[in-house]
Amino acid sequence: MTLRPIQFLLRLAMLFCLLAAVADPAGAQPAGAAAPGALTPTNWTAALSPITRQLRDPRMDDEGFAVLRADLDRLRVQATTERDQFRQATAATQTQLDALGPPPAAGQPREAAGVTESRRQLAVRLQSAQDSGKQAELALTRIVALQDEVADEARRQFTRQLMYRGASPFNPDFWRSGVDDIRATSDEVLALPAQWWTAEDGRRPGQSTLLQIVVVVALASALLLPTQRWLSRHYGIRPEIEAPSPVRRTIAAFTVLLRYTAMPLAVLWAAYGVLLGNDWLNGLVGSMVLMLMQAVSIALLAYGLGQATLAPGQSAWALIPLQKPERAKLLRRTAAVAIGMILLAVLVAPSRVPDFGFAGRNMVIAAVALFLFVSNLAFSDPRLWRSLPDDWRPLRLLAGLIFGLNLLALVALLLGYYGAAAFLSYGLLGSALTLGAYALVRIAIRDGLANLAENPDSRFRIWRQSLGLSGPLSTTSQLLLGLLADIVLFVLLLAGLAVSWGVSRATLISYTLELFYGVTIGPVTISLGNILAAIVVLVIGIGITRLLSGGLNSRLETQAGIDPGVRNSMVTGLTYAGYLLAIVAGVGVVGLDLSNLAIIAGALSVGIGFGLQNIVNNFVSGLILLIERPVKVGDWVVVGSREGYVRRINVRSTEIETFPRASVIIPNSELISQSVMNWTHRNRLGRIDIQLNLSYAADLEKAREVLLKCLTEHPDILSMPAPLVIFRDFGAGTLQFALRGHISDVEKRHVIESGLRFAIHKALKESGVGLPYGGPSTLFLGDIERLEKALGGLSNSARPKSDASDADA
């Protein structure tokens with residue numbers, strides 16, 4: 001049971017690798033790319049001239065612009081790589097020339113002919129590398145300008161299409177002409193499969209291609225079907241659970257979405273990737289198949305979202321708390337829209353023919369706009385969402401907004417602005433599906449993290465063990481993981497919304513590559529690729545550092561005789577060094593000039609000296625503490641009036657835990673500049689001192705013998721150095737003694753002293769050695785007789801005679 005989550009992840013990884021392999025089976029390099037290691041400059045004039053001519057063609061359409069964007073993106077990557085290669089070659093050649101040194105001046109001895117020839121060859125090579133690098137840089141500038149020009153021209157064409165007003169849909173000639181155009185091209189469309197199969201001198205998909213499709217579909221099904229059953233059995237809808245928790249409902253909905261959407265699409269796109277990778281989907285057939293695949297994908301997504309959020313037949317598992325009639329109505333509409341998308345893709349296939357009539361194209365656009373309008377109307381009908389509670393008010397508002405904008409699309413359709421109506425309707429429908437998928441996935445990830453952290457269900461214990469989580473996931477880790485998931489999902493949401501509102505895939509890739517390879521703002525180039533690479537290097541460096549420091553700490557813990565403070569200093573030093581190396585490596589990957597950083601640091605040194613001197617002082621003091629180790633983790637120290645154990649030595653401060661369990665944060669500079677008493681600096685040996693007062697009537701020799709016996713018989717008192725009983729002084733009414741003994745662990749000092757006091761009191765009491773009962777003003781009963789004899793004569797002479805006679809009587 002514990003290995004099934006890992007098996008599930010391995011199956012998904014194998015599937016993704018398979019899809020990546022069939023998408024590009026040959027692994028061919030882009031056209032025009034130089035071989036690895038070769039420094040042959042590209043003829044950029046020949047590479048860019050065809051693109052310039054195509055851009056001037058007035059017949060360019062959206063697909064043509066998409067092809068131009070893809071070609072320019074490929075050439076931009078090639079130019080960037082070539083520029084960097086020639087820069088590296090220039091630097092390497094310059095280093096070799098510097099090693100040879102300058103040629104001898106006039107009047108100096110001539111150098112060897114071989115050295116002169118090497119210098120000449122290196123100079124030629126250096127000039128060639130510099131010229132080729134400049135050409136690549138110039139080509140990169142031209143490519144960026146062409147990309148901007150393509151984007152501007154595509155934007156102008158899109159605006160023209162959006163604002164174009166065709167014939168009124170109330171005009172019968174509009175529909176009659178459109179039907180005629182469709183009839184004229186329908187025969188050509190129906191004949192395309194046979195022509196494609198027998199095209200190019202009888203060339204057709206060979207047995208190897210068909211075998212690849214069969215193998216890919218079979219392997220994907222073998223991986224996905226068991227995974228689907230396992231997910232449904234463990235995390236799917238369970239009818240026996242009548243009141244599932246919100247977390248359980250969300251995870252079940254996500255499982256249903258994967259079942260109806262992700263898994264069927266994985267099989268379909270795997271087969272499509274095999275055909276595309278073997279170059280069997282080119283031209284008109286490829287365009288039609290791609291349009292059909294996109295329609296099927298959107299249909300499955302819509303149907304899967306409906307099944308996941310509404311849970312037909314299981315109202316307790318529905319994410320949206322609609323009443324049963326509204327839920328059933330919405331499910332029927334979702335299924336109808338999904339089927340309609342696929343049928344619409346088939347019906348508009350004739351519009352892909354190059355010589356398709358203008359009237360027919362307008363009618364197809366009007367039909368698509370009408371279908372999208374009906375679909376939006378089916379989902380945004382306010383009567384469907386009226387029964388939602390007040391907590392779902394944002395969803396009701398969103399449905400009302402879509403309904404209002406959908407009416408605007410209807411007005412545009414009736415006025416003949418078919419492009420604007422189709423654009424608005426498609427954007428609304430795509431946005432609704434994208435937002436629904438985003439909300440479902442985000443809730444599933446958030447609830448999954450909550451379950452992973454709290455572990456309320458035994459099913460999540462398997463995942464926790466697989467991830468190595470023995471204790472509860474901290475709140476900080478949960479927030480960081482949730483934030484990372486939100487960032488990724490938000491980027492995917494923006495991409496989905498952009499596609500929904502007409503941004504092509506080629507445009508998204510172009511913008512992504514532009515961010516990835518850098519955006520120049522003045523003299524500064526901000527590269528998303530370098531930033532991501534620096535983050536990856538930093539995370540890997542920190543991970544390796546933590547792994548090494550943890551391994552070192554575990555190994556030192558098992559070694560006998562290693563002081564905990566020494567272990568902590570070694571581990572902390574390794575951690576700081578690893579973090580510093582990771583930061584330096586990350587800065588190097590970003591490409592920042594360290595010399596510029598040195599100049600900035602020098603300029604800020606004055607400010608650091610005044611404003612940050614305390615922080616710098618504490619940081620340097622922390623390094624001194626780690627190197628000299630006047631105090632270590634676990635030491636018993638006294639700093640001023642504060643006493644306790646050193647628990648942690650950080651970069652800026654040191655944490656001391658007092659005996660009442662209070663944490664005291666002391667700046668490191670105080671531990672360096674002030675006197676610190678460390679009870680356990682070199683070792684844990686210590687000495688106890690017990691002060692004792694005895695009466696003047698005590699037998700001192702016997703008392704000394706009893707006290708020394710108490711010291712020697714105590715198990716924690718060391719025999720070397722020998723314990724001592726010291727007669728310190730004659731006090732006012734008492735004799736002052738001190739007992740001294742050495743112990744092996746000074747941390748037990750107070751416990752040993754207390755035990756000795758109990759033993760001393762008992763021994764003195766049993767031996768008859770008297771202890772004083774008070775201070776110097778105390779009068780002991782044993783002195784009364786001597787006091788009476790001393791004062792007897794004085795007492796008799798001082799009494800009156802009458803009193804004396806009375807006393808005699």
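Note that the coordinates shown come from a computational prediction; the quantities given were computed from them, not determined experimentally.

So, the overall build of the protein
Phase 1 of the analysis: A tally of regular secondary structure across the protein gives 26 helices and 10 strands.
Phase 2 of the analysis: Counting every position in the protein, which comprises 809 residues, the buried fraction comes to 34%.
Phase 3 of the analysis: If you take every contact in the protein between residues at least 6 apart in sequence, the share linking residues at least 24 apart comes to 71%.
Phase 4 of the analysis: Here the protein has roughly 47,200 Å² of accessible surface; of this, 63% comes from carbon and sulfur atoms.

Concerning the sheet that holds strand 9 (residues 724–730)
Pairing between the strands of a sheet comes from backbone hydrogen bonds, and it takes one of two forms, parallel or antiparallel.
Phase 1 of the analysis: The strand order across the open sheet formed by three strands is 8-10-9, and the pairing between neighbours is antiparallel. The sheet is open, and its two edges are formed by strand 8 (686–694) and strand 9, each paired on a single side. Strand-to-strand twist in this sheet, taken as the mean axis angle between neighbours without regard to direction, amounts to 25°.
Phase 2 of the analysis: Looking at chain direction, strand 8 and strand 10 (residues 735–743) are connected through nine bridges and run antiparallel. If you follow L692 over to strand 10, its bridge partner there is F737.
Phase 3 of the analysis: In this fold helix 23 (residues 700–713) packs onto strand 8, strand 9 and strand 10, with an angle of close to 140° to the strand it touches most, strand 9.
Phase 4 of the analysis: Sheet contacts for helix 24 (residues 749–767): strand 8 and strand 10; angle to strand 8, the most-contacted strand, approximately 30°.

Re unusual backbone geometry
A negative phi angle is the norm for most residues apart from glycine, just as the trans form is the norm for most peptide bonds.
Phase 1 of the analysis: Of the consecutive residues M720 and P721, the connecting peptide bond is found in the cis state with omega at -5°.
Phase 2 of the analysis: Residue position: P721 is located in the loop between helix 23 and strand 9.
Phase 3 of the analysis: Its identity as a non-glycine residue notwithstanding, A311 has a phi of 45°, on the positive side.
Phase 4 of the analysis: Within the element layout of this structure, A311 appears in the loop between helix 9 (283–310) and helix 10 (324–347).
Phase 5 of the analysis: With phi around 70°, R661 is a residue other than glycine that occupies positive phi space.
Phase 6 of the analysis: In this structure, R661 sits in the loop between strand 5 (653–658) and strand 6 (663–667).

What to know about the packing of helix 2 (residues 44–55) against helix 4 (residues 113–163)
Phase 1 of the analysis: Across the interface, helix 2 lies against helix 4 with an axial gap of 11 Å and an inter-helix angle of 10°. Regarding the angle of helix 2 to helix 4, the classification is roughly parallel. Between helix 2 and helix 4, the residues in contact are W44, T45, L48, I51, T52 and L55 and Q135, A136, A139, R142, I143, L146, E149, V150 and E153, respectively.
Phase 2 of the analysis: Looking at side-chain class alone, the contact of helix 2 with helix 4 contains nine nonpolar, three polar and three charged residues.

Some remarks on the sheet that holds strand 5
Phase 1 of the analysis: Reading across from one edge, 6-5-4-3-7 is the order of the five strands in this open sheet, with antiparallel pairing throughout. Both edges of this open sheet fall to strand 6 and strand 7 (677–678), since each of them pairs with a single strand only.
Phase 2 of the analysis: Sheet analysis places strand 4 (residues 642–649) next to strand 5, joined by five bridges and oriented antiparallel. The residue bridging I649 from the neighbouring strand is T654, located in strand 5.

Topic: the packing of aromatic side chains
Phase 1 of the analysis: On inspection of all chains with the given rule, the structure shows 11 aromatic pairs.
Phase 2 of the analysis: Both rings, one in Y260 and one in Y303, keep their centres 5.6 Å apart while their planes meet at 75°; by these two values the pair is edge-to-face. In this pair, Y260 sits in helix 8 (residues 246–277) while Y303 sits in helix 9, placing the two residues 43 residues apart along the sequence.
Phase 3 of the analysis: A residue is classified by how much of its surface remains accessible, and Y303, at 29% relative accessible area, is partly exposed.
Phase 4 of the analysis: Among the aromatic residues, ring-to-ring pairing joins W636, Y645, F659 and W679 into one connected group.

Some words on helix 10
Phase 1 of the analysis: End to end, helix 10 covers 34 Å across 24 residues, agreeing with the expected 34 Å (1.5 Å per residue, within 8%).
Phase 2 of the analysis: Taken as a whole, helix 10 has its buried residues at R327, L330, L331, T334, V337, A338, G340, M341, L344 and A345.

Structural notes on the environment of I666
Phase 1 of the analysis: Within the fold, I666 resides in strand 6.
Phase 2 of the analysis: For the pair I666 and E655, spaced 11 residues apart in the sequence, the C-alpha separation amounts to 6.4 Å.
Phase 3 of the analysis: In contact with I666, not counting residues within four places along its chain, are V639, R642, S653, T654, I656 and L671.

Things to note about the nonpolar core
Burial of nonpolar side chains together is a common tendency in soluble globular proteins.
Phase 1 of the analysis: Within the largest apolar cluster, 38 residues are counted, with the highest numbers of intra-cluster contacts made by L322, L330, W385 and L440.
Phase 2 of the analysis: Listed by contribution, the elements that provide at least two residues to this core are helix 5 (172–197), helix 8, helix 9, helix 10, helix 11 (358–380), helix 12 (382–385) and helix 14 (418–454).
Phase 3 of the analysis: The leading source of residues in this core is helix 9, at eight residues.
Phase 4 of the analysis: Ignoring sequence-local partners within four residues, the contact set of L330 consists of L310, L322, F379, L384 and W385.
Phase 5 of the analysis: Ranked by size, the runner-up nonpolar core spans 22 residues in total, among them I688, I690, I752 and I760.

Some details on the pattern of salt bridges
Phase 1 of the analysis: Going through the model one piece at a time under the given rule, you end up with 24 salt bridges.
Phase 2 of the analysis: Ionic pairing is found between K632 and D635, a salt bridge with its closest N-O pair at 3.4 Å.
Phase 3 of the analysis: Measuring nitrogen to oxygen at the nearest pair gives 3.4 Å for the salt bridge that ties R642 to E670. Within this pair, whereas R642 is found in strand 4, its partner E670 is found in helix 22 (residues 668–673), the two being separated by 28 residues in sequence.
Phase 4 of the analysis: R642 gets classed as partly exposed once you look at its relative accessible area, which sits at 30%.
Phase 5 of the analysis: Salt bridges linked by common partners bring R83, D84, R87 and E137 together as one network.

Topic: the packing of helix 11 against helix 13 (residues 393–415)
Phase 1 of the analysis: The N-to-C vectors of helix 11 and helix 13 enclose an angle of 155°; their axes lie 9 Å apart at closest approach. The angle between helix 11 and helix 13 places the two elements in the roughly antiparallel class. In this structure, helix 11 crosses over helix 13, and the sense of that crossing is left-handed. Across the interface between the two elements, A366, A369, L370, L372, F373, N376, L377 and S380 of helix 11 pack against A399, I402, F403, N406, L410 and L413 of helix 13.
Phase 2 of the analysis: A per-class count over the contact of helix 11 with helix 13 returns 11 nonpolar, three polar and no charged.

Description of a nonpolar patch on the surface
Phase 1 of the analysis: A cluster of nonpolar side chains, namely V616, F619, V620, L623, I624, I627, V651 and I672, defines an oily patch on the protein surface of about 610 Å² accessible area.
Phase 2 of the analysis: The biggest single contributor to the nonpolar patch is helix 21 (residues 613–628), with six residues.
Phase 3 of the analysis: Along the chain, V651 turns up in the loop between strand 4 and strand 5.

Remarks on the pairing of strand 5
Phase 1 of the analysis: Of all six residues that make up strand 5, six are buried, and the element is covered over most of its length.
Phase 2 of the analysis: Of the two faces of strand 5, the one holding S653, E655 and E657 and the one holding T654, I656 and T658 are both buried throughout.
Phase 3 of the analysis: Counting the residues in the hairpin turn of strand 4 and strand 5 gives three residues.
Phase 4 of the analysis: Bridging between strand 5 and strand 6 involves five bridges; their strand directions are antiparallel. Note that in strand 6 the partner of T654 across the bridge is I666.

Some thoughts on the confidence of the model for the protein
Phase 1 of the analysis: Mean pLDDT over the protein works out to 76, with 80% of the residues at or above the 70 mark.
Phase 2 of the analysis: Overall, residues 802–809 carries pLDDT values under 50, and its contacts beyond four positions in sequence, including any with other chains, amount to one contact.

Considerations on the side chain of T93
Phase 1 of the analysis: Topologically, T93 is positioned in helix 3 (residues 62–100).
Phase 2 of the analysis: The buried category is assigned to T93, whose relative accessible area is 5%.

Topic: the pairing of strand 9
Phase 1 of the analysis: One ladder, built from six bridges, connects strand 9 with strand 10; its direction is antiparallel. Bridge pairing links L724 to R740 in strand 10.
Phase 2 of the analysis: The antiparallel pairing of strand 9 with strand 10 creates a hairpin that spans four residues between the two strands, and G733 there sits at a positive phi of about 100°.

Calculation criteria
All residue numbers refer to positions counted from 1 along the written sequence of the respective chain. Where totals are concerned, whole chains, interfaces and linings use all residues; where local detail is concerned, this predicted model gives features only for residues with pLDDT of at least 70, and gives and counts side-chain atom pairs only at 80 or more. Working from all heavy atoms in the structure, the side-chain values ignore hydrogens and water. In DSSP terms, a helix is any run of H or I states spanning at least four residues, a strand is any run of E spanning at least two, and both are numbered starting from the N terminus. Burial classification: accessible surface area is computed with a 1.4 Å probe over protein chains only, and a residue below 20% of its type maximum counts as buried, one above 50% as exposed, and the rest as partly exposed. We call two residues in contact whenever any of their non-hydrogen atoms come within 4.5 Å of each other. The protein chains shown are the only cover counted for residues, whose accessible areas, like all others here, come from Shrake-Rupley with a 1.4 Å probe. In this scheme, strands are said to pair when DSSP sees at least two bridges between them. Axis lines are fitted through C-alpha atoms, for helices just across the contact stretch, and the angle between N-to-C directions can take any value from 0 to 180 degrees. Reported orientations rely on four angle classes, namely roughly parallel under 35 degrees, roughly antiparallel over 145, roughly perpendicular from 65 to 115, and oblique for the rest. Polarity classes work like this: nonpolar for Ala, Val, Leu, Ile, Met, Phe, Trp, Tyr, Cys and Pro, charged for Asp, Glu, Lys and Arg, and polar for all others, with Gly in that last group. Only rings of Phe, Tyr and Trp enter the pairing, Trp through its six-membered ring, and a pair is recorded when the two centres are within 6.5 Å. The plane angle decides the type: under 30 degrees is stacked, over 60 is edge-to-face, the rest tilted. To estimate how far a helix should extend, the number of its residues minus one is multiplied by 1.5 Å. Residues belong to a common nonpolar core when they are buried Ala, Val, Leu, Ile, Met, Phe, Trp, Tyr or Cys residues joined through side-chain atoms within 4.5 Å. For salt bridges, the criterion is a side-chain nitrogen of Lys or Arg within 4 Å of an Asp or Glu carboxyl oxygen. Crossing handedness is read from the near helix: turned anticlockwise from the far helix by less than a right angle, it gives a left-handed crossing, and turned clockwise, a right-handed one. Patches draw on residues past 30% relative accessible area with no salt bridge. Two like charges within 9 Å are joined, as are two nonpolar side chains (Val, Leu, Ile, Met, Phe, Trp, Tyr) within 5 Å. The pLDDT value expresses, per residue, how confident the predictor is, ranging between 0 and 100.

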